[in-house]
Amino acid sequence: MGVFTRLLRIDCPTQLDCEALAKSPTFRVVFTADGEIPFPQVILHGQGMQKLIKNEAICLESQNLGEWVYVASVPGGLLGAGEITLQVEGCRKADISQASGEDWVKAFRPLHICPPTTPKPHVRMISASPGEVEAKIYFGIHKHMHQPYYNTTDRYYWDGEKDGIFGSRVGNYTDYIPAAVRQYIDGDLAHAGLSTSWSGSLIEQLDRCSVEGLCGGRFAEWNKDLRAIAQEKTKLGNPRIAFSAFGFFHPLMPLMPNRDIVRQIAWHRGIVHDSFGVEASKVLFPPETAFHVRMIPALIEAGVTAVIYDSIHRFRACRDYPYAGLGEGMLPPNPAEQTNPAVDDWLQLHNIWAGSQISPSLLRPEYVVYEDPDGKRHKIIAVPAERYIGNEDARGGFGALQYADVLGQVYDQLLASGAYDPKHPPFFLLHSDGDNHGGGADSYYKHNTGRLVEWLHQDRRFELCTVEDYLQQFPPNPANEVHIEPGSWSGADNGDPQFMKWFSRYDQPYSPDLNSWAVLTAFQNTVHTLEDGDPDHPQLADAIRLLLTAETSCYWYWTGQEVWDGQVTHAANKGYAELKQALANLLETGVDRTGPAIFPPWVTPENPGGKKWGQGCLVDAPREGVAHTLVYDVFGLKRVDLVLRSATGESVQPMRNHGPYPSRTKAALTAEYYTADLPIGAGDVRYYVEAEDRCGNVSRSALERIYLA
């Protein structure tokens, strides 16, 4: 018998039970063909990934009477609970280079991976002082609303596409949120409400729609219902709807200079007050849920007392974090970020897509701390938004998310592990866009919210609560300080710690994203220099607005589209043209009070000596790490140094200047690109960049961390 022509039988399980860590056990797939299979393989489809079983994992068990029997061994731990499709296949040609798609014989079988079966604990009374309270999980809802300016140099640009974008979201921007909150009130939910983030660029464009009758006049008095519901209070006197602190133009705050973060938040507070008749909350929802501890000093300066972050970045900062591999969508955590104590209540959620395990005991507000280069500690309250449950809620709310089942898993794990703390019970937000997909549908805010209210009346284990009401009842202990790794929510290519959604093509000779960061860094220094040297200059106000507009994170989001790749350059070129003569006057007088602008440094590979991305897999990363940054100063640069702190002490090394970052967007000015080699095997280190201009002004970046294996 020669090469096979068909598969005769496939013997494989149809159902398996999860084992340790809620993962699949080892199992076999046995398949029989009518001849030799040159390239047998089994592919596992599902749970957001593909797993390929081939080569030494498949052996020929027997050959008898014209039947060839193959056995594929599938190792344990590859899969979580849920549905999987097994694909068994082989090529009918011995020379695979000559094969076409028709030469592959394929067969498919379903496989159900059952979640772990653990006894459901009885709800127990937890002693508290005074008296007793019932164990309860608190949760909140956050809805994000944003539209950028589609032309950075012309805020009045409008066309049919914009009319369609805004016109399809009339309910989202007018009465959907009030309708949901009204049901909380009518349902007598004492602490229920929601938080919502509205960018200033969205609000300004809605005001314009109202005044000019755009979108068929459907935005006339668009904020009337929102202003009315904004006056409603919870049982504790806090707003039922909290307009979160936010950055006016939706900037990616971890990559912004502190002074611009402060100004973006201040501008946003002003437009919230003018539009909704209330003060913005002191709780910040950072755009894209993007958080880095280096933001904390600026947030405190801006009057923010708490910041919302995506929960996975707290989990990954634990010493024993059970990294889930490719299905998690991020590289393994860098060991320098894993400074928090180990926990033992890891839970694999089922009946929901969850690419990794969560820790219910960590789903509560805590103080997070940042230490600057001078050793000063800055801390703020961090409020978790649960990554996977929030994603599921975004599909449509109650019904799309099986609240009782999924939140019940969190509840049961807390009781089973003994991790429930009545003084600091769990609280997390379900965060999503409020104007896109299922989480922005009419049904989410109306019918499904009604069902949510009915369920909460029947199930005492859970309570819908505002952030402010929770913090008033259960303030976190300032003595307990934790670390959170950088990152954003999963909607931004899984929200990795390196913010690679905004660093696309960083490893190629030219990156449109790096070009925009280089242009923006130069523009920031230009505006800041004039602001510090000639604060009354008549062109300054327009330049500041152009700068803050250029900081909109959307201009990096759709890399490779010329209309977006050039937006930062257009704003910077216009602003520089307006300020050019004033800057020349400053250069003549030698008045310079502003240090160089330093873009936050980044390291390649992301985990030196650890793992990096391969082609659909993880591969070993080189131990040789390189630090990168972009620096600019109007008066010119004298030096740029990398300061490295390790167990052996502090060292300073000059960074290599590669010249201005090459631009393909006809930028009038751009920052210079610097690198420095990192020492191999230095372990857990801290580092920052220090730059001095030709006038003697010195700037330092934030203190960063990296593990060098």
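Residues numbered from 1 in each chain as written. Predicted model: local features only at pLDDT ≥ 70, side-chain atom pairs only at ≥ 80, totals over all residues. Heavy atoms only, no water.

A. Summary view of the overall build of the protein. For the protein, the helix and strand inventory stands at 17 helices and 33 strands. Over its C-alpha atoms the protein spans a radius of gyration of 28 Å, differing by no more than 12% from the 27 Å that the globule rule assigns to 709 residues. Over its C-alpha atoms, taken along the principal directions, the protein stretches across nearly 95 × 60 × 60 Å. Residues classed as buried in the protein amount to 59% of the 709 residues present. In the protein, of all internal contacts separated by at least 6 residues, the share reaching a separation of at least 24 is 74%. Only carbon and sulfur atoms are counted for the fraction: they give 48% of the accessible area of the protein, which is about 28,000 Å². Computed over 63 positive and 87 negative side-chain charges, the separation of the two mean positions in the protein equals 1 Å. (Helix = DSSP H or I, 4+ residues; strand = E, 2+ residues; numbered from the N terminus. Rg over C-alpha atoms; globule rule 2.2 N^0.38 Å. Buried < 20%, exposed > 50% of the residue type's maximum accessible area, 1.4 Å probe, protein only. Contact = heavy atoms within 4.5 Å. Areas by Shrake-Rupley, 256 points an atom, 1.4 Å probe, with all protein chains shown as cover. Lys, Arg positive; Asp, Glu negative; His and termini not counted. Charge placed at Lys NZ, Arg CZ, Asp CG, Glu CD.)

B. Broad picture of the side chain of Asn-223. Within the element layout of this structure, Asn-223 appears in the loop between α3 (200–212) and α4 (224–229). If sequence neighbours within four positions are ignored, Asn-223 has contacts with Ser-275 and Phe-276.

C. Representation of the packing of aromatic side chains in the model. Across all of its chains, the model carries 42 aromatic pairs by this definition. An angle of 90 degrees between the planes, with centres 5.8 Å apart, marks the rings of Trp-222 and Phe-276 as edge-to-face. Here the residue Trp-222 occupies a position in the loop between α3 and α4, and Phe-276 occupies one in helix α5 (residues 258–276), the gap between them amounting to 54 residues. Trp-222 sits in the buried class, given a relative accessible area of 3%. Between Phe-398 and Trp-455, the ring centres sit 6.0 Å apart and the planes meet at 45 degrees, which makes this aromatic pair tilted. Of this pair, Phe-398 sits in the loop between α8 (387–393) and α9 (403–417) while Trp-455 is found in helix α11 (residues 447–458), placing the two residues 57 residues apart along the sequence. Among the residues examined, Phe-398 registers a relative accessible area of 15% and is labelled buried. Judged by its relative accessible area of 7%, Trp-455 falls in the buried class. Taken together, the aromatic side chains of Trp-158, Phe-166, Tyr-173, Trp-198, Phe-219, Trp-222, Phe-243 and Phe-276 make up a single cluster linked through ring pairs. The ring centre of Tyr-444 lies 3.7 Å from the NZ or CZ of Lys-143, which sits over that ring. (Phe/Tyr/Trp six-rings, centres within 6.5 Å; stacked < 30°, edge-to-face > 60°. Lys NZ or Arg CZ within 6 Å of the ring centre and 35° of its normal.)

D. Local environment of the sheet that holds strand β6 (residues 58–64). The strand order across the open sheet built from four strands is β1-β3-β7-β6, with neighbouring strands paired in antiparallel fashion. Of all the strands in the sheet, just β1 (7–11) and β6 have a single pairing partner and so form its edges. With strand direction ignored, the average angle separating the axes of adjacent strands in the sheet is 20 degrees. Pairing analysis gives six bridges linking β6 to strand β7 (residues 67–74), with the strands arranged antiparallel. (Pairing = 2+ DSSP bridges. Axes fitted to C-alpha atoms, helices over the stretch in contact; angles between N-to-C directions.)

E. Structural context of the side chain of Gln-87. Here Gln-87 shows up in strand β8 (residues 82–91). A distance of 2.6 Å separates the side chain of Gln-87 from the side chain of His-45, its partner in a polar contact. With residues near it in sequence (within four places) discarded, Gln-87 still touches Gln-41, Val-42, Ile-43, His-45, Lys-106, Ala-107 and Phe-108. (Polar contact = N/O pair within 3.5 Å; in protein donor to acceptor, adjacent residues only side chain to side chain.)

F. Quick look at unusual backbone geometry. In this structure, Pro-605 follows Thr-604 across a cis peptide bond, with omega equal to -10 degrees. Tracing the chain through its elements places Pro-605 in the loop between β23 (602–604) and β24 (611–613). We note that Cys-215 has phi near 60 degrees; this positive angle belongs to a residue other than glycine. Residue placement: Cys-215 occurs in the loop between α3 and α4. Judged by its relative accessible area of 3%, Cys-215 falls in the buried class. Unusually for a residue other than glycine, Asn-351 sits at a positive phi of about 60 degrees. Locating Asn-351 in the fold gives a position in the loop between α7 (312–315) and β17 (366–371). With a relative accessible area of 53%, Asn-351 lands in the exposed category.

G. Fine view of the pairing of β8. Judged by how many residues are buried, β8 sits mostly within the fold: seven of 10 residues are covered. The pairing of strand β4 (residues 41–46) with β8 spans five bridges and is antiparallel. The partner of Gln-41 across the bridge, within β8, is Glu-89. Two strands pair when backbone bridges link them, and β8 and strand β9 (residues 104–114) are joined in this way by 10 bridges, in the antiparallel orientation. What sits directly across from Glu-89, in β9, is Lys-106.

H. Here's a closer look at α9. The end-to-end C-alpha distance of α9, which contains 15 residues, comes to 21 Å, matching closely the 21 Å that a straight helix rising 1.5 Å per residue would cover. Within the sequence span of α9, burial applies to Tyr-403, Val-406, Leu-407, Gly-408, Gln-409, Val-410, Tyr-411, Asp-412, Gln-413, Leu-414 and Leu-415. Contacts from the buried residues of α9 go to β12 (137–145), α8, β19 (427–433), α10 (442–445), α11 and β20 (462–464). Remark: Gly-418 follows α9 within two positions and exhibits a positive phi of approximately 70 degrees. (Expected span 1.5 Å × (residues − 1).)

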